[in-house]
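Working through the structure, step by step
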Amino acid sequence: MNIEEINMYIDSYKEDVNKAYDHLIEEMSTIRAGRANPKLVERIMVDYYGTLTPINQMATISVPEARMLVVSLWDTSMIKAVTKAINEANLGVNPSDDGRVIRLVFPQLTEERRKEFAKEISKMTENCKVVCRNARRDVLDVFKKMKKDNELTEDELAKLEKDVQKILDDISTLIDKSCDQKQKEIMTT
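Residues numbered from 1 in each chain as written. Predicted model: local features only at pLDDT ≥ 70, side-chain atom pairs only at ≥ 80, totals over all residues. Heavy atoms only, no water.

It is worth spelling out helix α2 (residues 79-88) at this point. Three or more residues of α2 are buried, namely I79, V82, T83, A85 and I86. Viewed end-on, α2 has its buried residues packed into an arc of 160°, placing them on one side of the element. Within α2, the exposed residues directed more than 90 degrees away from the buried face are K80, K84 and E88. Buried-residue contacts for α2 involve β1 (45-48), β4 (68-73), β5 (96-97) and β6 (101-105). (Buried < 20%, exposed > 50% of the residue type's maximum accessible area, 1.4 Å probe, protein only. Helix = DSSP H or I, 4+ residues; strand = E, 2+ residues; numbered from the N terminus. Arc of directions from axis to C-beta. Contact = heavy atoms within 4.5 Å.)

Okay, here's the thing in C-alpha cells:
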C-alpha cells in the first residue's frame, strides 16, 4: 500500500468538498436577507470600454442604511451602463442615479419572497451535497481499483471507506448548519 498516494487522494477529496462548501457560502451570500449587502451587486458584469468588468472593480459599494446600497463609480461616464446592468441582473430593485452615484433601495421582503429565497437556498444546498457525494464516489472508485489491483487489502479498503464517509458526514453537517442559519436569517429579518 502506497500511503503517500492514498493521502494525496484523501487530500484531493477534502479539497474538493471544501471548495464545494466555499462555493455554497459564496452563492448564499448573494441572497439578501432583509439587509442590503454589497455582494448582491459586486459580481454584476458591465461592458467597460469593451471589457466585461465586475462592478466592484469600477466602483465603491457602500451600505449607508440597512436597506440601501450606494454605488460610487470612479468613472461617472459609466453610470448609464452600470444602471442598465443592475436592471438586467433582476435584483428586484430599481436603481436611481443623480449623475454621480447610483442608489439601490431594497424593499422589505414579502413572506412569499422569503419562501422563494428559502427554496433557492435548499436547492443550492442539495447541489452542494451532490457535488460532495460525487467526489466521494470518485475517490472510492480509485480505492476500489487499487484493491482490485491488489494494492490494498480488504481491511484497508474498509478503513478508507470509513474515513471518506466521515469526511462527507462532517461537511454535510456543516452544509446543513449553514443552510439552516441562512434560512432562519431570511425568515426572521
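Anyway, onward from the coordinates.
This brings us to the packing of helix α3 (residues 111-148) against helix α4 (residues 154-188). When two helices pack together, their arrangement is captured by the angle between the axes and the distance separating the axes. One way to put it is that α3 packs onto α4 with a least axis distance of 10 Å and a crossing angle of 170°. The angle between α3 and α4 falls in the class roughly antiparallel. A per-class count over the contact of α3 with α4 returns 17 nonpolar, six polar and twelve charged. (Axes fitted to C-alpha atoms, helices over the stretch in contact; angles between N-to-C directions. Parallel < 35°, antiparallel > 145°, perpendicular 65-115°, else oblique. Nonpolar A, V, L, I, M, F, W, Y, C, P; charged D, E, K, R; others polar.)

Mapped onto the elements of the fold, D180 is located in helix α4. Each C-alpha atom, one on D180 and one on P38, is 22 Å from the other, the two residues being 142 residues apart in sequence.

Next up on the list: unusual backbone geometry. Here the phi dihedral of Y49 falls at roughly 55°; this positive angle occurs in a residue that is not glycine. With respect to the helices and strands, Y49 occurs in the loop between β1 and β2 (51-54). Even without a glycine there, the phi angle at N150 is positive, about 60°. Mapping N150 onto the fold places it in the loop between α3 and α4.

With that settled, the discussion passes to the environment of V142. Relative to the helices and strands, V142 is located in helix α3. Exposure remark for V142: the relative accessible area of 26% places this residue in the partly exposed category.

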